[in-house]
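Here is what each chain is made of, one letter per residue.
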Amino acid sequence: MVDRVAEAAGPAHVVIRPSTGWTGVSLRDLWAYRELLYFLAWRDIKVRYKQTALGVIWVVIQPLFAMLVFSVFFGRLAGMPSDGVPYPVFAFCALLPWQLFAHALTESSASLVTNQNLITKVYFPRLIIPLAPVLASLLDFLIAFGLLLGMLAYYRITPTLWVWTLPLFLLLAIALAIGVGLWLAALNARYRDVRYTIPFLTQIWLFATPIAYPSSLVPEPWRAWYGLNPMAGVVDGFRWALLGTADAPGGLMAVSAAVTLVILVSGVHYFRRTERTFADTI
Amino acid sequence: MSAVIRAERLSKQYRIGASRTPYETLRESLTRALAAPFRRRSEASERGPASDSFWALRDVSFEVRQGEALGVIGRNGAGKSTLLKILSRITEPTTGSVVLDGRVGSLLEVGTGFHSELTGRENVFLNGAILGMRKAEIRQKFDEIVSFAEVERFLDTPVKHYSTGMYLRLAFAVAAHLEPEIVLVDEVLAVGDAAFQKKCLGKMGDITEQGRTVIFVSHNMGAVASLCQTGLVLDAGRIGFVGPVTEAVELYLGQFSGANELPLMLRHDRAGTGEVKLTGFRLESETGEPVDSIRNGHTARLVFDYAAPAGRPARNVEFQIIVRTESGELLFQFGTRPIARNFGEIPSTGRFVCELERFPLVPGRYRLDAHLAVDGRMSDYVLWLAPLVVVDGDYYGSGYRVFERESRFLLDGRVRCEAAGEAPEHEGR
């Protein structure tokens, strides 16, 4: 029995006292609860499509329909330029990281409130709660990514040699989703109003990101500033690595990465600062 | 033996008002800036009737040795739940510290994180992980858990199709197979039917016998006295007494002698959201005259005034009364729950009238608790709302007075004697 106890999660010696000042992330604590992260993500995936008729097909339908709508309205009717690539591929390539981001963001913002029964009853590192939906969205991304590969083959487009950098841009999108998600989740725990702003936020952010149009529409002296919206960096990175369009990572990407870092670090900090009162205020 | 739990000057302050600590100014301004469009609303909701703060716990210091079972008792609002929440790291203390040596398992509720769409098997793994078990550990104990819960046949059925009993058994089985060195248990664990409660308490007894350290919070003095050696009485957030459990229980029961003399409206020893609160209580006879005791065998009318402080009508209201002996042992509950109906919508003020026909308790003094839930959430829960005095009302009309020693309840029924020869027809001739 003793060895069973020893293999269980959670440290054996704990000092509980009010936390003050800068509260970093205890990576060891997070690591000890990694299985819980996995189980919560697994639950999110499992439950999401449980009562739907089409089930997991929704993962593919959502970006596919968005692509069709964009292709018809922006590509055909508005004649939006697509840097010489067939418009559907051009849009789909950007929609993938966008939907990963938007979905992860939406779900993790709501996560504290939807899991309040856990927060008020059991201890575990609270960061796990907003992280789980991000992990779950990653699976959706991978499935949709398979579809993208199919489209590339259909249009006979060979990814560039820089395709190995793709995970870096993916990482940027995830880091941003986590950063913004932490901010909004913590705020939402206190002010439920936040949840109503999220649909607007993602809607506006969608059009502020070069998904339906190329970032080259933004005139040069301003383009680096476009990176203030880090999703512009992510989308450009995806197009650059896969399609060979868009600029090679430069000023815009640097600004995007810097902004993401600021949002992520401040998000973790704000979250850790407020998590001590989650159980009291939620 | 050495202390495995050492709490030093533990205090917890809850803010009811909008005041915040000075070191949070950066955060405050960021929050304010982001929340500016909704500022008016959020401030209004924060400005409660009492806009200051209160101490749910104040300078609580104690030690628990390895293998000791400590019973924490006290009225509602005395700080018991807060103490458990701090020990299980759900919330942080405002000042003070606790040192815990050993893995802590807290059972503040069974079935935490159960998802109704998932199957029994899936929920065992999910719930186990939430309670801090490793996947390998759960797999190892899986068969044991399932057979303890007696749900083998329904393992692959979503738990939304489970009966309440099955659901609770499965949930408790997972929790019971957690093997921490320190166990924190809230009495809300003891829900469900009598057999299930007995199983819970039996399991609790096993845990203490295995030499694990237990902190047990309960209103059931019988359970506390039998499971724990040491008692800690909390009174308005401070330690009233720590010592042998029998003395603690006596002290706790003594505390109540004065409590119910305070008007119900002014009492703070209550739990719940306060959305709807009980504000007054009186006993009436069948004809509506105010009385101060109940005559058994006659109709007792218990009238509870209530008010919703926000002035809004409430929906989905459940009301229960709980009658216990003076030492806290449950005798019966009555209210909306067993008859499976609740009040769809009630006006913002009014009264609940509870009529009990042929009141069945023997003469004596009893304790009345009341529980009010709105939309499934506890709204007001008052222990020792009032004492109930039952006098002899000649239940059987025979003039015989049944005493407490002989029986607790008076039942309707018959007893007769039949001679062997008068027995049924189909005895062969």
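Here the structure is a predicted model, which is why all the values come from computation and not from measurement.

Peer 1: Just checking my understanding: could you explain the nonpolar core for this structure?
Peer 2: Looking at soluble globular proteins, one finds that nonpolar side chains tend to be buried together. If you look at the biggest cluster of nonpolar residues, it comprises 148 residues, and the most contacted ones within it are Leu112, Phe238 and Leu242 of chain A together with Ile5, Phe62, Val98 and Ile215 of chain B. For this core, the element with the most residues is helix 8 (residues 166–190) of chain A, which contributes 17 residues. Filtering out sequence-adjacent residues up to four positions away, Leu242 of chain A remains in contact with Cys93, Phe145, Leu148, Leu152, Thr158, Pro159, Thr160, Val163 and Leu166 of chain A. Within the second largest apolar cluster, 37 residues are counted, among which are Ala314, Ile321, Phe332 and Phe359 of chain B.

Peer 1: Would you mind going over the pattern of salt bridges with me for this structure?
Peer 2: It is possible for side chains bearing opposite charge to pair when their charged atoms get close. A complete count under the given rule lists 24 salt bridges over all chains for this structure. Note that Arg272 of chain A is salt-bridged to Glu275 of chain A, the shortest N-O span being 2.6 Å. Separated by 3 residues within a single helix, Arg272 of chain A and Glu275 of chain A lie in helix 12 (residues 251–281), roughly one turn from each other. Each member of the pair, Arg272 of chain A as well as Glu275 of chain A, carries the same accessibility label: buried. One connected set of salt bridges, linked through shared partners, spans Arg282, Glu284, Arg301, Asp305 and Glu355 of chain B.

Peer 1: Teacher, can you tell me more about the interface of chain B and chain A here?
Peer 2: By convention, interface size is frequently given as the accessible area that disappears when the constituent parts associate. Counting from both sides, the interface comprises 56 residues of chain B and, opposite them, 50 residues of chain A. With a closest N to O distance of 2.9 Å, Asp280 of chain A and Lys12 of chain B form a salt bridge. Where chain B packs against chain A, one counts 10 residue pairs in polar contact (both at pLDDT 80 or more). Looking at the side of chain B that touches chain A, the elements with two or more residues in it are strand 1 (3–15), helix 1 (25–35), helix 2 (39–46), helix 3 (80–87), strand 4 (95–101), helix 4 (120–130) and helix 5 (135–149) of chain B.

Peer 1: What should I look at first to understand the sheet that holds strand 4 of chain B in this one?
Peer 2: Overall, antiparallel pairing links the 4 strands, which are arranged 1(A)-4(B)-1(B)-2(B) in an open sheet. At either end of the open sheet lies a strand with only one pairing partner, and these are strand 1 (13–16) of chain A together with strand 2 (53–65) of chain B. Within the sheet, the average angular offset between the axes of one strand and its neighbour, ignoring direction, is 15°. In terms of strand pairing, strand 1 of chain B meets strand 4 of chain B through 5 bridges, oriented antiparallel.

Rules used throughout
Residues numbered from 1 in each chain as written. Chains lettered and ligands numbered in written order. Predicted model: local features only at pLDDT ≥ 70, side-chain atom pairs only at ≥ 80, totals over all residues. Heavy atoms only, no water. Core = buried A, V, L, I, M, F, W, Y, C linked by side-chain atoms within 4.5 Å. Buried < 20%, exposed > 50% of the residue type's maximum accessible area, 1.4 Å probe, protein only. Helix = DSSP H or I, 4+ residues; strand = E, 2+ residues; numbered from the N terminus. Contact = heavy atoms within 4.5 Å. Salt bridge = Lys/Arg side-chain N within 4 Å of Asp/Glu carboxyl O. Polar contact = N/O pair within 3.5 Å; in protein donor to acceptor, adjacent residues only side chain to side chain. Pairing = 2+ DSSP bridges. Axes fitted to C-alpha atoms, helices over the stretch in contact; angles between N-to-C directions.

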